[in-house]
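So you can see what is in the structure, the chains are spelled out below.
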Amino acid sequence: AKGKQSNLRTPIVVVMGHVDHGKTTLLDKIRGTAVAKGEAGLITQHIGATEVPLDVVQDFCGSHFGKEIEIPGLLFIDTPGHHAFTSMRSRGGSLADLAVLIVDVNEGFQPQTIESLSILKRFKTPFVVAANKMDRIGGWHTTTNAPFAKSLKVQSERVSEILDTRLYELVGELYKYGFDADRYDRITDFTRTVGIVPISAITGEGVPDLLMILVGLAQRFLKDNLQLTATGPGVGTILEVKEEKGLGTTLDVILYNGEFFAGDTVIVGTSREPLVTKIRALLKPKPLAEIRSEERFLPVKHVSAASGVKVSAPKLDNALAGSTIRVVSNPDEVEALSLELKSELDAVRIDTENEGLIIKSDTIGSLEALVGELKARDIHIHYADVGPISRRDVIRAAAINDPLLSAILGFNVDILPDALNEIQKTNVPVFSSDIIYTIIESYERWVEDQKN
Ligand code: GTP
Ligand code: MG
């Protein structure tokens with residue numbers, strides 16, 4: 001569904017947060033409620049995303065938006081595990097127009113909460129915090145899918161107090177990371193204060209409030225970004241490079257501007273020279289298929305932004321997750337577009353003569369996030385690139401004179417076999433994980449141990 005009078009494209013909302021804090025359950029809730037109301041056909045499944053039209057949002061909220069709301073709906077992106085970073089990268093900033101940072105209200109801030117927050121901060125992405133699982137507070141009375149105010153009314157004083165205390169703890173955590181925050185119904189200006197919406201993704205309580213706020217924020221955001229449209233040459237971010245039975249290597253793409261047609265010539269980012277190829281097929285999940293399901297794609301001739309789509313094309317083996325795919329409308333553009341795509345990675349890569357660590361990461365986005373965290377701590381970097389840990393990386397690390405910097409940090413990357421041999425020979429320590437915080441923490445702990 002497109003906007004009524006305008007060409008405003010669907011805003012992209014990324015759902016981020018720590019493992020198990022309820023990202024997928026929240027999206028299931030929104031989808032499930034629409035299904036229960038007989039609106040299943042209105043919910044469009046995308047690759048890695050779910051589109052919720054404005055009508056469904058209005059129904060969930062039980063109220064009608066005014067004429068000022070022109071957006072066609074919301075496109076939600078779920079971010080399992082390390083994909084958080086990959087999907088957040090593009091346009092030299094964030095792919096997401098908005099974000100929902102989910103925090104389990106009973107557990108509070110956890111490593112991936114902090115990581116998500118620092119990404120949102122770096123990209124200046126507007127976001128709201130969903131304080132999830134409030135139904136887990138002992139003695140909670142459920143009012144299914146109720147707005148927060150209605151749900152709060154039936155709680156005992158003790159339950160309300162516990163909830164308030166937990167919310168205050170979140171306010172305190174957010175303050176620590178430089179954000180003013182408050183319960184959403186106590187603030188007026190969402191551009192200056194981060195709203196915290198208490199929800200339960202299971203019972204649906206507070207979810208109407210969350211959706212209302214997102215629609216309001218999205219409307220404002222898109223008004224400021226009118227260059228983002230649903231027509232013109234398509235530009236997307238590669239979420240994942242995936243092997244598919246019978247299709248070979250495919251790309252899961254979020255198309256954030258313009259449109260793709262089957263047969264379009266596209267340029268795709270790799271870790272070296274961008275590649276030029278032709279879209280063989282555009283694939284969508286079949287209706288009602290599960291998000292990220294591996295099977296049963298439906299070929300379509302055309303998709304427009306914002307949209308999640310699987311792209312099948314020849315020569316995609318070297319495509320790089322987190323980089324860009326862009327339609328080439330005219331062969332004369334190839335050279336300029338190629339430079340532009342290369343500069344995306346070059347802007348993040350580091351290769352110096354200086355003393356420092358070796359950093360390897362799986363995508364442009366994760367490399368940028370890891371490098372950003374290290375720079376914020378004044379930790380020097382000698383070399384940073386996308387790709388597995390190679391023998392050359394180990395040799396370079398071993399050649400660093402400062403013993404505290406003679407080390408390799410890896411985010412979600414493999415260690416190549418000949419690199420393993422070299423590691424045994426040189427004793428260069430390797431700190432690797434798929435949580436940035438863990439990598440840095442274990443490196444810093446090692447540094448402390450070396451000093452003693
Ligand atoms: P990853 O994708 O692994 O990062 O986790 P996630 O953030 O998608 O969490 P998920 O939605 O899978 O939820 C994790 C568990 O928490 C599941 O067992 C959910 O049923 C449960 N859960 C999520 N939200 C709520 C909630 O609001 N209330 C209660 N009681 N349980 C919840
Ligand atoms: Mg999940």
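Look up: the structure comes first, before these words.
Anyway, here's the lowdown on the structure attached to this text.

**Let's talk about the site of ligand 1**
- The local shell around ligand 1 holds 15 residues, among which Lys23, Thr24, Thr25, Asp135 and Ala201 are the closest.
- At 3.2 Å, a side-chain N or O of Ser200 approaches an oxygen atom of ligand 1.
- Compared with its free state, where it exposes 650 Å², ligand 1 has 74% of that area covered by protein.
- With three residues, the top contributor of residues to the shell around ligand 1 is helix 1 (residues 23-36).
- When the residues that make up the shell around ligand 1 are grouped by side-chain class, the tally is three nonpolar, seven polar and five charged.

**Some words on the packing of aromatic side chains**
- This model, assessed by the stated rule, comprises five aromatic pairs.
- Relative to Trp446, the ring of Tyr443 lies with its centre 6.0 Å away and its plane at 35°, an arrangement referred to as tilted. Residue Tyr443 and its partner Trp446 are both found in helix 12 (residues 436-451); the two are separated by three residues, about one turn of the helix. For the pair formed by Tyr443 and Trp446, the shared burial category is buried.
- These aromatic residues form a ring-pair network of at least three members: Phe431, Tyr443 and Trp446.
- Residue placement shows Arg122 over the ring face of Phe123; its charged tip is 5.8 Å from the ring centre.
- Here Arg392 stacks its cationic end above the ring of Tyr383, 5.7 Å away from the centre of that ring.

**Quick word on the pattern of salt bridges**
- Applying the stated criterion across every chain, the model contains 22 salt bridges.
- Arg349 serves as the salt-bridge partner of Asp385, at 2.9 Å between the closest nitrogen and oxygen. Here Arg349 lies in the loop between helix 8 (334-346) and strand 21 (350-351) and Asp385 lies in strand 23 (residues 381-386), a separation of 36 residues in the sequence.
- Take Asp385: its relative accessible area is 11%, and that puts it in the buried class.
- Its relative accessible area of 27% is what places Arg349 among the partly exposed residues.
- The partner of Lys360 in a salt bridge is Asp393, with the nearest N and O atoms 2.6 Å apart. In this pair, Lys360 is assigned in strand 22 (residues 357-361) and Asp393 in helix 10 (residues 391-398), connecting sequence segments 33 residues apart. You'll find Lys360 and Asp393 in the same group, each marked buried.
- Through salt bridges with shared partners, one network takes in Asp164, Arg183, Asp185 and Arg186.

Cut-offs applied
- Residues numbered from 1 in each chain as written.
- Chains lettered and ligands numbered in written order.
- Predicted model: local features only at pLDDT ≥ 70, side-chain atom pairs only at ≥ 80, totals over all residues.
- Heavy atoms only, no water.
- Near = heavy atom within 4 Å.
- Polar contact = N/O pair within 3.5 Å; in protein donor to acceptor, adjacent residues only side chain to side chain.
- Areas by Shrake-Rupley, 256 points an atom, 1.4 Å probe, with all protein chains shown as cover.
- Helix = DSSP H or I, 4+ residues; strand = E, 2+ residues; numbered from the N terminus.
- Nonpolar A, V, L, I, M, F, W, Y, C, P; charged D, E, K, R; others polar.
- Phe/Tyr/Trp six-rings, centres within 6.5 Å; stacked < 30°, edge-to-face > 60°.
- Buried < 20%, exposed > 50% of the residue type's maximum accessible area, 1.4 Å probe, protein only.
- Lys NZ or Arg CZ within 6 Å of the ring centre and 35° of its normal.
- Salt bridge = Lys/Arg side-chain N within 4 Å of Asp/Glu carboxyl O.

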